[in-house]
Structures are given as structure tokens and as C-alpha cells.
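Coordinate inspection notes
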Amino acid sequence: MTDKLTMVLGDYPHAGPLLDGDITMEGYAVEPVEVAPVIGAYRRMIRDLEFDVCELAPVSYLMARQAGVELTAVPVFLNRRFHHGDVQCAAHSGIRVPKDLEGRRIGVRAYSVSTGVWVRGVLRDEYGVDIDTITWVVDDDDHVEGRVPSNVERVTDGRSLAELLRTGEIDAALTGNAGTGRAGAPRAGWSAATEAEPADDGPYPLFPEAATVAVDCYLRTGVYPLHSVVSVRSELVARDPELPTRLYTAFARSKSRHLADRPDWAATPRLARQQRQIGADPVPYGIKSNEPSLTAMVRFAEDQGLLDPGFPSDPAALFAPGDYPDA
């Protein structure tokens, strides 16, 4: 007997063989469900358990577990990225070094968005920035509500973070889906914002040599920011304790199959660049190889008030019991 397994993932070529059926799972038939943008599925999974398997933002996953949502996960991290290049400063803000951010207003889509957690953690750990003095200006809800600190301010007039940055009403903002690079809310149909051409009088990066600084940080700390984790409904794991291992194995085989056809991450230029930067697999799966990143993520989220003190810090405790060799 074969059980149907609804699955929502972002557009990752290395997961394609699993979604397309080239890689199979014993006892299960994967039924892909398309949600665009995939971030819109995060909220539906956390709040309604709408899917069997769903990619989630890793910090939102931890918060959901703490809140008692019947979710667990396997250590498959489909997306990774560095963040030093994600902080843009308003043209006339006068910000030159990270400490200049103290006491300022910084835009981010939602306080718990993973990019925000990683950026705040890096600013505090690497540069001694007192992130609690910063007002974080948001224009969307957190997937798990009720953890917003007092230094968070909501945009209420419908203007985008990109517009507020251009007019100097905020001093800095995060880029991409975490801030100025999107238009609309995930639940309402999210589209990428048009990127403006760089201008002498426009926003500028906090770290002009962001790639160099980011790789230096990685080489010193071993922290390679996570941006995706594969969650599964706890009910399914209770019914079949072998499901997490089967899922993990299928994702690992899918990545291997993709790379056999498109070596050196040729289908994903950003990951190909990151492979060259770190000299290794740009999306490693498993617990052992990701321990520094998992430990840092929990610590950052706890420091920033998103997790309660004493949240389990053992990386293995964050996932369903299973067999997860590094892959």
C-alpha cells in the first residue's frame, strides 16, 4: 500500500528529482503542491498543518515547536546564504560602520524573519552592536505571533520598506524577501520588487566588500546561515517512525541525482558561487556538519526574545529521531 504525501518546496533544482518522481520513497507517493511564493506556505503549515511535508523558515520552525504546533523536521536545508550584503543604508543616513546603526530605524519584513535573526546575531557577535537600541520597522506579520519586542514598529500606511528607505524615513533596511526586494504580503500574492539601478544619491551597502567579510566570518566561526528546513506533520511520524529517515534519504538522493546531471551547481548560480567561496557543498544536509550553524541559530533566536531561555540547544533534539548521515 502506498500513502500519498503532499509536499511544498521552493523552486530548488536539487529537489526536482524527488518532486518529479525520478527519486521515489518506499511506501509513499509524493504529491507536489505549488505555492507561490513558497513563503506563503509557511504560515499555512504552521497555523493549519495544511500539508504533510513543507519547507519552512528554520527560525519559524523552532518557534512553532516551542508553541506546541504538531510539527517536527528532518535536517535537510535546501537553501543557505550569507547576509553581510543584505544591509542597505539610506543615502543621507551618515551610517559608515555597524555601530552607527545603534539608535536608528531599520526596516525588515517581520521581526522573526530568518534574515533578520541572522543579521542581528552577526551585528551583535561580530561588531558589538546593541541591537536592542534599534527600532525594527516591519510591514508584515510573523508566522508565529506573540513574540514581538517593544522596539518593533509596524508600518500602517501601506508604504513599502523600499519607499521608506528611499525617502530616509528609515535609516537602513534589509534587502530581498526580508525587506525591500518584494511587494505585497505573502498571503496576498507576493511579487519581486523591481530593483533600482545604483545611484550616487541612493541607498548604499553597509559592507562594501560584503562577500569577503562574509566568507571570513564563516571561516572563523563555521556558521553558515540556514534558510530552509524540511518540516513534517508529527502525526505522520508517530504513525511511521521510519518516515524521517526515508524522507532524508530521498532528499539526499535527489541532490546527488541533480548534481550528476548538472555538476558544480551549474543550474543555481548563487549556490555555485557559494560553493567556490566555502570550497564545499553549498547546501550540506545532516546534523553533524551543520552543528555550528544550528547552535548559533538557537542562540541568536533566544537572545532576540524569539525563544524562551532554556530552549533545547542540542542540535539533534531539534529533529525527529532518524538516521541522518551527512549528505
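It should be noted that the structure appears before, not after, this text.
Residues numbered from 1 in each chain as written. Predicted model: local features only at pLDDT ≥ 70, side-chain atom pairs only at ≥ 80, totals over all residues. Heavy atoms only, no water.

For any two helices packed against each other, one specifies the crossing angle of their axes together with the interaxial distance. The interhelical angle for the contact between helix H4 (residues 114-127) and helix H10 (residues 291-303), taken along N-to-C directions, is 90°, at an axis separation of 9 Å. When the axis of H4 is compared with that of H10, the two are roughly perpendicular. Contacts from Val117, Trp118, Gly121, Val122, Arg124 and Asp125 in H4 reach Ser293, Ala296, Met297, Arg299, Phe300, Ala301 and Asp303 in H10. Its residues placed into classes, the contact of H4 with H10 shows seven nonpolar, two polar and four charged. (Axes fitted to C-alpha atoms, helices over the stretch in contact; angles between N-to-C directions. Helix = DSSP H or I, 4+ residues; strand = E, 2+ residues; numbered from the N terminus. Parallel < 35°, antiparallel > 145°, perpendicular 65-115°, else oblique. Contact = heavy atoms within 4.5 Å. Nonpolar A, V, L, I, M, F, W, Y, C, P; charged D, E, K, R; others polar.)

This paragraph deals with the packing of helix H3 (residues 58-66) against H10. Interhelical geometry of H3 versus H10 gives an angle of 65° and a closest axis separation of 11 Å. Accordingly, the angle class assigned to the pair H3 and H10 is roughly perpendicular. Both H3 and H10 take part in a crossing whose hand is right-handed. Of the residues in H10, those in contact with Pro58, Val59 and Leu62 of H3 are Met297, Val298 and Ala301. When grouped by side-chain class, the residues that make up the contact of H3 with H10 number six nonpolar, no polar and no charged. (Left-handed = near helix turned anticlockwise from the far one by under 90°.)

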